[in-house]
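Summary of the model geometry
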Amino acid sequence: MTGLSLTEKVMIGTALLGGMSGVIGSFAVLRGRALVGDMLAHAALPGVCLAFLIMGSKNMLGLSLGALASGLLAIALVTMIVRWTRTKEDAAIGIVLSTFFGAGVVLLSVIQKPGVGGSKAGLNSYLFGEPGNMLTGDLLLLAGVALIVLLTVGLLFKEFKIVCFDTDFAQSQGWPTLRLDLVMMASLAVVTIVGLPIVGVILMTAMIILPPATARFWTNRLHVMLLLAGLFGIAAALLGTRFGRGLPTGAAIVLTAASFFLLSLLFAPQRGIVARLVAEYRLRKRIAREHLLRSLYELSESQLPQLAKLELKTIRDYRYWRALKNLLQDAAEAGEIVRSGETAQLTPLGLRRAAKLTKAHRLWEMYMMQHVGIASDHVDRDADDVEHLLPEGLLIELEQQLATEGRLPDVVEEVPHSPHKIGAE
Amino acid sequence: MTNDEIIRGHSSLRFVIFLPSLTVGARRFFICHSGVSGMSSIAFEIHDMTVAYQRRPVLWDIDLTIPEGNLVGIVGPNGAGKTTLIKAALGLVPLASGKVEIYGKSYSEQRHLVGYVPQRESVDWDFPVTVRDVVLMGTYGRLGWFRRPGKAEREIAEQCLEQVGMSAFANRQIRQLSGGQQQRVFLARALAQDAQLYFLDEPFAGVDAATESAIIELLHTLRSSGKTVLVVHHDLQTVREYFDHVILLNMRLVACGPVDTTFSNENLQQTYGGRLTILDEAAEAMRQRDGQ
């Protein structure tokens, strides 16, 4: 261990910190307690300074205990303010956090005066973080804390999960929710405090919030989220230290973690912005195409089984279209219609698809008029809204239901008559 | 020994006998009632209970008794303390005075006999869990500290999902469900608790008609296997149809008893303090005329 170079120590230390703050931070974020880490980090400063003044040296364990004490005092104060006054929790956190931090900065300036002997004590690292100060002993402390936190989470995974998801339900089953919450918050506090001298007050909050928030984009399972958050934390630490040479290490780590977040926010499947935009675009396009096919069916209906050549003007007047030309183009490419000059005509393939869509639409209308009690002049639009979003299975169920009620034509392939008058809206 | 005590003794004895079989029991999951016909015991009882939030009383001096095997509606205006009544019964809010008994003993002794469906809005539906995960939580109480749900628990969860018609959704994240489906998941979780006495907080709020009737059907199944179900309910129109007992509540207990005798206009007016609308009264009058 002593054979490690400083860079290696820094990488291992920050990776340990990144991993455990990702894991414990996940519970804090899901529990809506992300700012508790922020408060602990800020409120730790006066404790660190007082511990230094009392001890006269910068023993990391001693300073950490000082930090823990003032952090816990801050939490107690917030709890009391919320309980006994009408101040809301976020305001109370803001008040306590800034007061403690202000007191810390004042104490720090006292310590750094010549004669007190603190100017070289490195207490500044609690503000901005200085991983370069890491000693082998610090590394062992980090490893010990990481081990304890991971063991705790491993053992109490199920208990933490149910308390975070549904506290009342958990309590009704007899789980000591308050104590479990305390264990969770205590783990968060310990991680925050050992992390402070490495990444500093403000960046410590980021280490607790960013990796879990990033992980949430990629999974819908809690255990996977914990794992990913840990990995993102570690990766941010390693990449940040490796490529951030010459930059403040803590800041480089946090910026790396933030870039993970940004990439996930944009590109994660399902929850990412791009994926959502694409899904929305596809849905809109599909709906427009289905409207086109159904309109063409309805316009050709009177002449079936002959496939009518429809004037574009007739189609355009039939309902409101956004970009009709493109729609027709797409349908033509899919072989659903043939276009010649200013007319369009369903192909046999197009007719089959259009008939199926129209049938589904009318089944829905019937269902809604009968069972939901929607007036016939409203039913068309509502069916429009609903039918595109429904799974096929439900449609079959609907069909069977209407069939048993004798409302479906005998030939199931046949499209039932519209339950309302068809025409331009 | 009073007659009452004999009955209670009998009922607790019965649980000792059939509970172990439940955790294993696959098929027998809900046909576990073996009550002696003609004898009914007290499932739920409240004595002189007062509940206060920050010194402001929310429930005053409540006394009520619910015999086993009933479907009970808890009815009253907003702020009447319906949810508080349930939470007090479950030990989620402290009692200022009085006591609650589940099959003759305190809640902390009998919580394994109790299932709970909280209000749907009470949780974050974006939480990273699947439908199956949520239902499995119903088994956590039995599992105890540190033990993870295993094959037996997953089987129970599967059956409960089937009972509420949600098997196909087991792997869905819970946000990707409709309100009615979410309510069914909560119900499945309570079923997985394998309880004798169920408390449901507004299970019909914001659910579709199909879900509402599915829930009611399920509650009837529970009742016919000897379970007792208490339901916070808002729709006065359906009280007669759905429940056989009713608790009328407005900070104090207005009335409690069989729907036929208790759910009267007079009691309703007392409960709603004249807030019962003309429409409600008209509907009630029509129903009475139709019933006769």
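This section reports on the structure supplied with the text. (Residues numbered from 1 in each chain as written. Chains lettered and ligands numbered in written order. Predicted model: local features only at pLDDT ≥ 70, side-chain atom pairs only at ≥ 80, totals over all residues.)

1. Details of the overall build of chain B
Counting its secondary structure elements, chain B contains 12 helices and 9 strands. Per-residue burial for chain B yields a buried fraction of 41% across its 292 residues. Across chain B, the fraction of contacts at a sequence separation of at least 24, relative to all contacts at a separation of at least 6, is 71%. (Helix = DSSP H or I, 4+ residues; strand = E, 2+ residues; numbered from the N terminus. Buried ≥ 20, exposed ≤ 12 C-beta atoms within 10 Å, placed from the backbone. Contact = placed C-beta atoms within 7 Å.)

2. Let's talk about the overall build of chain A
Scanning chain A for helices and strands turns up 18 helices and 3 strands. Buried residues in chain A amount to 40% of all 425 residues. Long-range contacts, defined here as pairs at least 24 residues apart, represent 68% of the contacts in chain A between residues at least 6 apart.

3. Some thoughts on helix α9 (residues 177-199) of chain A
The end-to-end C-alpha distance of α9 of chain A is 32 Å, a good match for the 33 Å that 23 residues give at a rise of 1.5 Å each. Phi turns positive one or two residues past the end of α9 of chain A, at Gly 200 of chain A, with a value near 90°. (Expected span 1.5 Å × (residues − 1).)

4. Overview of the interface of chain A and chain B
Listed as interface residues are 18 residues of chain A and, on the opposing side, 17 residues of chain B. Looking at the side of chain A that touches chain B, the elements with two or more residues in it are α7 (157-165), α8 (167-172) and α11 (222-243) of chain A. If one sorts the elements of the side of chain A that touches chain B by residue count, α8 of chain A sits on top with 4 residues. A per-class count over the side of chain A that touches chain B returns 7 nonpolar, 6 polar and 5 charged. (Nonpolar A, V, L, I, M, F, W, Y, C, P; charged D, E, K, R; others polar.)

5. Thoughts on unusual backbone geometry
All names here are of chain B. Located in the positive-phi region is Tyr 103, a residue other than glycine, with phi close to 45°. When you line up the elements, Tyr 103 lands in the loop between β4 (97-102) and α3 (107-110). At Met 251, a residue that is not glycine, the phi angle is positive and equals roughly 65°. Residue classification places Met 251 among the partly exposed residues on the basis of 18 C-beta atoms within 10 Å.

6. Description of helix α13 (residues 273-300) of chain A
Helix length check: α13 of chain A (28 residues) gives 41 Å between terminal C-alpha atoms against 40 Å at 1.5 Å per residue, within 8%. Within α13 of chain A, the full set of buried residues consists of Glu 290, Leu 292, Leu 293, Arg 294, Leu 296, Tyr 297 and Ser 300 of chain A.

7. Things to note about the sheet that holds strand β1 (residues 42-53) of chain B
All names here are of chain B. Taken in spatial order, the 3 strands of this open sheet run β2-β1-β4, and their pairing is antiparallel. Strands at the two margins of the open sheet, each flanked by one partner only, are β2 (56-67) and β4. Here the average twist between neighbouring strands, direction ignored, is 15°. Note: β1 against β4, 5 bridges, orientation antiparallel. Each bridged residue has a counterpart across the sheet, and for Thr 50 the counterpart in β4 is Ser 97. Contacts between helix α2 (residues 82-89) and the sheet are confined to β1, β2 and β4, with β2 contributing the most and set at about 70° to the helix. (Pairing = 2+ DSSP bridges. Axes fitted to C-alpha atoms, helices over the stretch in contact; angles between N-to-C directions.)

8. Notes on the sheet that holds strand β1 (residues 309-311) of chain A
Residue and element names in this part refer to chain A. Judged by pairing direction, the sheet is antiparallel, and its 3 strands sit side by side in the order β1-β3-β2 without closing on themselves. Edge positions in the sheet fall to β1 and β2 (337-340), since each has one partner strand and no second. The sheet shows a mean angle of 30° between the axes of neighbouring strands, taken without regard to direction. In this structure, β2 lies alongside strand β3 (residues 343-346), joined through 4 bridges in antiparallel fashion. Each residue of the ladder has a partner; that of Ile 337, found in β3, is Leu 346.

9. Side note on the nonpolar core
Of all hydrophobic cores here, the largest spans 159 residues; its most connected members are Val 48, Met 207 and Ala 257 of chain A together with Val 72, Val 135, Ala 188 and Leu 230 of chain B. In terms of residue count, the dominant contributor to this core is helix α1 (residues 6-30) of chain A (12 residues). Contacts of Val 48 of chain A, omitting those with residues within four sequence positions, involve Leu 63, Gly 66, Ala 67, Leu 123 and Tyr 126 of chain A. Counting 16 residues, the second-largest nonpolar core is a separate cluster that includes Leu 310, Leu 346, Leu 357 and Ala 360 of chain A. (Core = buried A, V, L, I, M, F, W, Y, C linked by C-beta atoms within 7 Å.)

10. Overview of the packing of helix α7 (residues 179-192) of chain B against helix α8 (residues 209-224) of chain B
All names here are of chain B. One way to put it is that α7 packs onto α8 with a least axis distance of 9 Å and a crossing angle of 15°. The orientation of α7 relative to α8 falls into the category roughly parallel. For the pair α7 and α8, the sense of crossing is left-handed. Of the residues in α8, those touching α7 at Gly 180, Gln 183, Arg 184 and Leu 187 are Ala 210, Thr 211, Ile 215 and Leu 218. (Parallel < 35°, antiparallel > 145°, perpendicular 65-115°, else oblique. Left-handed = near helix turned anticlockwise from the far one by under 90°.)

11. Quick word on the environment of Val 110 of chain A
Residues and elements named next belong to chain A. Looking at where Val 110 falls in the secondary structure, it is placed in helix α4 (residues 89-111). Look at Val 110 and you get exposed, because 12 C-beta atoms sit within 10 Å. Sequence separation between Val 110 and Leu 135 is 25 residues, and the spatial gap between their C-alpha atoms is 26 Å.

12. Topic: the environment of Gly 66 of chain A
Residue and element names in this part refer to chain A. Relative to the helices and strands, Gly 66 is located in helix α3 (residues 60-84). You can call Gly 66 buried: it has 23 C-beta atoms within 10 Å. In this structure the C-alpha to C-alpha distance between Gly 66 and Ala 44, which are 22 residues apart in sequence, comes to 7.4 Å. Contacts of Gly 66, omitting those with residues within four sequence positions, involve Gly 47, Val 48, Leu 50 and Ala 51.

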